[in-house]
Amino acid sequence: MSAWVLPDHIADVLPSEARHIEELRRGLLDTARGYGYELVMPPMLEHLESLLTGTGEALDLQTFKLVDQLSGRSMGLRADTTQQVARIDAHLLNRVGITRLCYCGPVLHTRPDRPHATREPLQFGAEIYGHAGIEADLEAVTLALECLRVAEVKQPIVDLADVRIVRSLLADAAADWPMLNRIHAALAAKDASELRALTRKFPATSRNGLAALLTLYGDVSVLDEAEIALKDVPGVPAVLASLRSIASRIVAADVSVDLADLRGYAYYSGAKFSVYSDGAADALVRGGRYDEVGAVFGRTRPAAGFSLDIKQLVAVVGPRPLKAAIRAPWNDVSDVNAAVAALRRQGETVVCVLPGHESEVDEFHCDRELAFVEGRWIVQPL
């Protein structure tokens, strides 16, 4: 095998795409800062106990593992950043009130999480800790949609669900964890025959309610249907009212509902959302409420947020125009260098043409040049 062949689903990012990714990264971080979110930078490498305990256990198969030669302890390369941010909130900051944190950095996956995906996503996310009310859920959705607007995503669709509905339906059902996993898979696949076989010994309320979930997807009117179908399930009417309240306040996107969507079931504790758009084979954003995320670090408190992969985002939005540059002759005369330096301080891109390379392709689309006219250096159109 050639030394320059990269592993499957790992790729170099070349200049035009790298520029787009970096512009998006800056735009998303600036957007989060505008909402009061503070930037944190967790490490790529942590002890496995920290990365995979609590809600992080679901990431076990996605985490690259190695042995630390300094301590002999097992370590992992992060597959997700949310667990690390929860650790920072609970163990390092330990604030009493609201904490808003954001992050952006690479994560590594042992396997791609969807067809044609990279195993090295560039994950951006935002988390709000310390508020149990619907306001935090709404802020997470609102910020996620604003980030997609900054990225120039067209016509986003927010898909809502809530894991508490399925948990309420399963509360009186005797099912071990393997059985629960099969039920979750059947719901996600809308597999009525499999679900019927798995739940045949469940109480009628649980069995009928789970079967009803298979049809409870579509526009917001689904919540009205669910209110009728699940009216006898304790706690569900209040959950549906909460989802209806969230849906009514989303104005920057269309809203749909899928009450059988259980992706991340073990991770979320309440309302969850995914954001889709034309041209994207999978959700661009996933988020919701995960109040137990900090429990393993000794502090359980309300938490809501979202994350996205900037590399996935770049693949579905149009390329941004390159800012035109200024071409300048290479020269070691002080007045030329002073003019070039002044232009760069003003935010201009100035490309000095090295001797013998005057006819090469202009990758920066220079539309002006620095020229010596009537005894002084000026910028003029090409």
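Given the structure is predicted, the values throughout are model-derived calculations rather than measurements.

When you look at the side chain of Asp261 in this model, what are you seeing that I'm missing?
The residue Asp261 is located in the loop between strand E9 (254–258) and strand E10 (271–276) in this model. For Asp261, a relative accessible area of 6% puts it in the buried group. One polar contact links Asp261 to Arg263, side chain to side chain, over a distance of 3.2 Å. What Asp261 contacts, discounting residues up to four positions off in sequence, is Asp159, Ala161, Lys272 and Ser274.

So what exactly am I meant to see when it comes to the nonpolar core here?
Side chains of nonpolar character tend, in soluble globular proteins, to be buried together. Formed by 88 residues in total, the largest nonpolar core has its most connected members in Ile165, Leu187, Leu213, Phe273 and Phe306. The biggest single contributor to this core is helix H4 (residues 134–150), with nine residues. When residues no more than four places from it in sequence are discounted, the contact partners of Ile165 are Leu213, Leu230, Val236, Val239, Leu240, Leu243 and Leu259. One finds Ile326, Ala339, Val350 and Leu370 within the second-largest nonpolar core, a separate group that totals eight residues.

Quick question: what am I supposed to make of the packing of helix H9 (residues 222–229) against helix H10 (residues 236–248) here?
To characterise two packed helices, one gives the angle between the axes of the helices and the distance between these axes. Where H9 meets H10, the closest approach of the two axes is 10 Å, and the angle between their N-to-C directions is 175 degrees. The pairing of H9 with H10 is recorded here as roughly antiparallel in orientation. Side by side, H9 and H10 meet where Leu223, Asp224, Ala226 and Glu227 of the first sit next to Leu240, Leu243 and Arg244 of the second. Residue classes in the contact of H9 with H10 are distributed as four nonpolar, no polar and three charged.

Can you walk me through the sheet that holds strand E1 (residues 38–39) in this structure?
Two orientations exist for strands paired in a sheet by backbone hydrogen bonds: parallel and antiparallel. The strand order across the open sheet built from nine strands is E1-E5-E6-E12-E11-E10-E7-E9-E8, with neighbouring strands paired in mixed fashion. Looking along the sheet, the strands with just one partner apiece sit at the ends: E1 and strand E8 (217–218). In this sheet, strand E5 (residues 99–106) lies alongside E1 in parallel orientation, the contact comprising two bridges. In the sheet register, Glu38 faces E5, and the bridge partner there is Leu101. Packing of helix H1 (residues 15–34) onto the sheet brings it into contact with E1, E5, strand E6 (122–129) and strand E12 (303–309), and relative to E5 it is tilted by some 175 degrees.

Could you clarify how one ought to interpret H10 in this entry?
Since the α-helix turns once every 3.6 residues, residues separated by three or four places project in the same direction. The terminal C-alpha atoms of H10 lie 18 Å apart, and with 13 residues this matches the ideal 18 Å at 1.5 Å per residue to within 8%. Taken together, the buried positions of H10 are Val236, Val239, Leu240, Leu243, Ser245, Ile246 and Ala247. Of the surrounding elements, those touching the buried residues of H10 are H4, strand E7 (157–162), helix H5 (163–169), H9, E9 and E10.

Explanation requested: the sheet that holds strand E3 (residues 64–67) in the structure shown.
Taken in spatial order, the three strands line up as E2-E4-E3 in an open sheet, and their pairing is antiparallel. The open sheet has two free edges, formed respectively by strand E2 (45–47) and E3, since each of these has just one partner strand. In this sheet, neighbouring strand axes are inclined to one another by 35 degrees on average, regardless of whether the strands run parallel or antiparallel. In terms of strand pairing, E3 meets strand E4 (residues 74–77) through four bridges, oriented antiparallel.

Got a minute to help me understand helix H6 (residues 177–189) in this structure?
With 13 residues, H6 should cover 18 Å at 1.5 Å per step; its first-to-last C-alpha distance of 18 Å lies within 8% of that length. Of all the positions in H6, only Leu180, Ile183, His184, Ala186 and Leu187 are classed as buried. Seen end-on, H6 carries its buried residues on one side only, within an arc spanning 160 degrees. Among the exposed residues of H6, those oriented more than 90 degrees off its buried face are Pro178 and Ala189. Tucked into the core, H6 has its buried residues touching H5, helix H7 (192–198) and helix H8 (204–213). In this structure Asp176 caps H6, since a side-chain oxygen of it lies 2.9 Å from the backbone nitrogen of Met179. In the stretch just after H6, Lys190 is the one whose phi turns positive, near 55 degrees.

What counts, and where the lines are drawn
Residues numbered from 1 in each chain as written. Predicted model: local features only at pLDDT ≥ 70, side-chain atom pairs only at ≥ 80, totals over all residues. Heavy atoms only, no water. Helix = DSSP H or I, 4+ residues; strand = E, 2+ residues; numbered from the N terminus. Buried < 20%, exposed > 50% of the residue type's maximum accessible area, 1.4 Å probe, protein only. Polar contact = N/O pair within 3.5 Å; in protein donor to acceptor, adjacent residues only side chain to side chain. Contact = heavy atoms within 4.5 Å. Core = buried A, V, L, I, M, F, W, Y, C linked by side-chain atoms within 4.5 Å. Axes fitted to C-alpha atoms, helices over the stretch in contact; angles between N-to-C directions. Parallel < 35°, antiparallel > 145°, perpendicular 65-115°, else oblique. Nonpolar A, V, L, I, M, F, W, Y, C, P; charged D, E, K, R; others polar. Pairing = 2+ DSSP bridges. Expected span 1.5 Å × (residues − 1). Arc of directions from axis to C-beta.

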